[in-house]
Amino acid sequence: MTPDPLPYRQIGTEDLRPGGLLCVVDHASNRVPEDIELGIEPHLLDEHIAVDIGVEGIAERLARRHGIPAHIATVSRLVCDLHRREDEPAVVPAESDGTLIPGNIGANVEARLERFHRPYHAALGELIAAAQPRLILSLHSFTPQLATSAEKRPWEVALLYNQDDRAARHAIRLFGEQGLTVGDNEPYSGTQLNATMDRHAEAQGIPYCLVEIRQDQVANEAGQARWAMMLADVMGRVALEV
């Protein structure tokens, strides 16, 4: 039997220097293991309900070209949402943005947690302990408009946070100075959707920026390269302020 691939991969972690930056990408992949049947049309795996479009390419560039190590998910959020707490129903979602996920109805949630969620977060915790980062970048992207809403999302980039907003405040200002329309706890609120950073950053007093980029900004390689460069610059400056 072929061993089950790890639910994460790490880039640029060979020569960790304590006190640097670290990138975490919970929704980087649209991979669905062969033994899991979601019951949805295949084309949906390329849409926002299955993967944060563009973020994997950005994280690759941050690690390989800008010296920011990355911890990257290798399984779709529709299989197991690594950016949810274990006790949240959406950790194995039965629907997403109006699309029913039939294969997740009645799924063995405990088995999914044991196979994907726990190894992912255990490895991330070990990496953070080894890296002792000065700042964690949690990287996400969002669709310009939900299928279930007529409201368009004007923000090109946004910062989410729960209780600790010290790094986010600097980032909001710096992105604004780039002429961008910046969301402050938009299009989601970090008081509700901040599970990975609540666990690995806020609980340990580590400054972090949960950055959401609108997907039309990063749908191609040119956009991903542009944002990787901008993120490396802005996050480096934020790290000096916190």
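Only a predicted model underlies this, so the values are computations on that prediction, with no experimental measurement involved.

Caption draft 1: Looking closely at the packing of aromatic side chains. With the rule as written, the count across this model stands at one aromatic pair. Plain terms: the ring middles of F175 and W227 are 5.9 Å apart, the flat faces sit at 45 degrees to each other, and that makes the pair tilted. Of the two residues, F175 is situated in helix 3 (residues 166-177) and W227 in helix 5 (residues 221-241); the sequence distance between them amounts to 52 residues. Take F175 and W227: they sit in the same class, and that class is buried.

Caption draft 2: Representation of the environment of P69 in the model. Inspection of the secondary structure puts P69 in the loop between helix 1 (55-66) and strand 3 (70-73). Judged by its relative accessible area of 10%, P69 falls in the buried class. With 49 residues separating them in the primary sequence, P69 and G20 have C-alpha atoms 9.0 Å apart.

Caption draft 3: Molecular detail of the nonpolar core. Core analysis: the biggest nonpolar cluster contains 70 residues, and F175, W227, L231 and M235 have the highest contact counts within it. Per-element tally for this core: the top contributor is helix 5, with nine residues.

Caption draft 4: Region of interest: the side chain of Q215. Considering the arrangement of structural elements, one finds Q215 in the loop between strand 9 (208-214) and helix 5. What makes Q215 buried here is its relative accessible area of 6%. Engagement of the side chain of Q215 in a polar contact is seen with the side chain of S141, the distance being 3.1 Å. If we ignore the near neighbours within four places in the chain, the residues touching Q215 are H48, V51, D52, I53, S141, F142 and T143.

Caption draft 5: Molecular detail of the packing of helix 3 against helix 5. Taken N-terminus to C-terminus, the directions of helix 3 and helix 5 make an angle of 135 degrees; their axes are 9 Å apart at the nearest point. As the angle between them shows, helix 3 and helix 5 are arranged oblique. Where helix 3 crosses over helix 5, the two elements pack in a sense that is right-handed. On the side of helix 3, the interface is formed by A167, H170, A171, L174, F175 and E177, while helix 5 contributes W227, M230, L231, V234, M235, R237, V238 and E241. Looking at the contact of helix 3 with helix 5 residue by residue, the class counts come to 10 nonpolar, one polar and three charged.

Caption draft 6: Seen up close, the sheet that holds strand 6 (residues 135-142). In spatial order, the strands read 1-3-2-6-9-7-8; together these seven strands make up an open sheet with mixed pairing. The sheet is open, and its two edges are formed by strand 1 (8-11) and strand 8 (182-184), each paired on a single side. Averaged over neighbouring strand pairs, the angle between their axes works out to 20 degrees when direction is ignored. Bridging between strand 1 and strand 3 involves four bridges; their strand directions are antiparallel. By the bridge assignment for strand 3, Q10 is matched with H71. Relative to the sheet, helix 2 (residues 109-131) contacts strand 1, strand 2 (21-25), strand 3 and strand 6, its axis offset from that of strand 3 by approximately 175 degrees. Packing against the sheet, helix 3 makes contact with strand 6, strand 7 (157-160), strand 8 and strand 9, and its axis sits at approximately 155 degrees to strand 8.

Caption draft 7: Structural detail: helix 3. Between the first and last C-alpha of helix 3 there are 18 Å, a value that for 12 residues agrees with the 16 Å anticipated at 1.5 Å per step. Taken as a whole, helix 3 has its buried residues at A167, A168, A171, I172, L174 and F175. Looking at the buried side of helix 3, the elements it contacts are strand 6, strand 7, strand 8, strand 9 and helix 5. Two residues or fewer past helix 3, G179 is found with a positive phi of approximately 85 degrees.

Caption draft 8: How the structure looks around the packing of helix 1 against helix 5. Two elements in contact, helix 1 and helix 5, have axes whose closest approach is 9 Å; the angle formed by their N-to-C orientations is 55 degrees. Compared by their axis directions, helix 1 and helix 5 come out oblique. Viewed along their axes, helix 1 and helix 5 form a crossing whose handedness is right-handed. Facing helix 1, whose interface residues are G57, I58, R61, L62 and H66, helix 5 presents E221, Q224, A225, W227, A228, M229, L231 and A232.

Scoring rules and cut-offs
Residues numbered from 1 in each chain as written. Predicted model: local features only at pLDDT ≥ 70, side-chain atom pairs only at ≥ 80, totals over all residues. Heavy atoms only, no water. Phe/Tyr/Trp six-rings, centres within 6.5 Å; stacked < 30°, edge-to-face > 60°. Helix = DSSP H or I, 4+ residues; strand = E, 2+ residues; numbered from the N terminus. Buried < 20%, exposed > 50% of the residue type's maximum accessible area, 1.4 Å probe, protein only. Core = buried A, V, L, I, M, F, W, Y, C linked by side-chain atoms within 4.5 Å. Polar contact = N/O pair within 3.5 Å; in protein donor to acceptor, adjacent residues only side chain to side chain. Contact = heavy atoms within 4.5 Å. Axes fitted to C-alpha atoms, helices over the stretch in contact; angles between N-to-C directions. Parallel < 35°, antiparallel > 145°, perpendicular 65-115°, else oblique. Left-handed = near helix turned anticlockwise from the far one by under 90°. Nonpolar A, V, L, I, M, F, W, Y, C, P; charged D, E, K, R; others polar. Pairing = 2+ DSSP bridges. Expected span 1.5 Å × (residues − 1).

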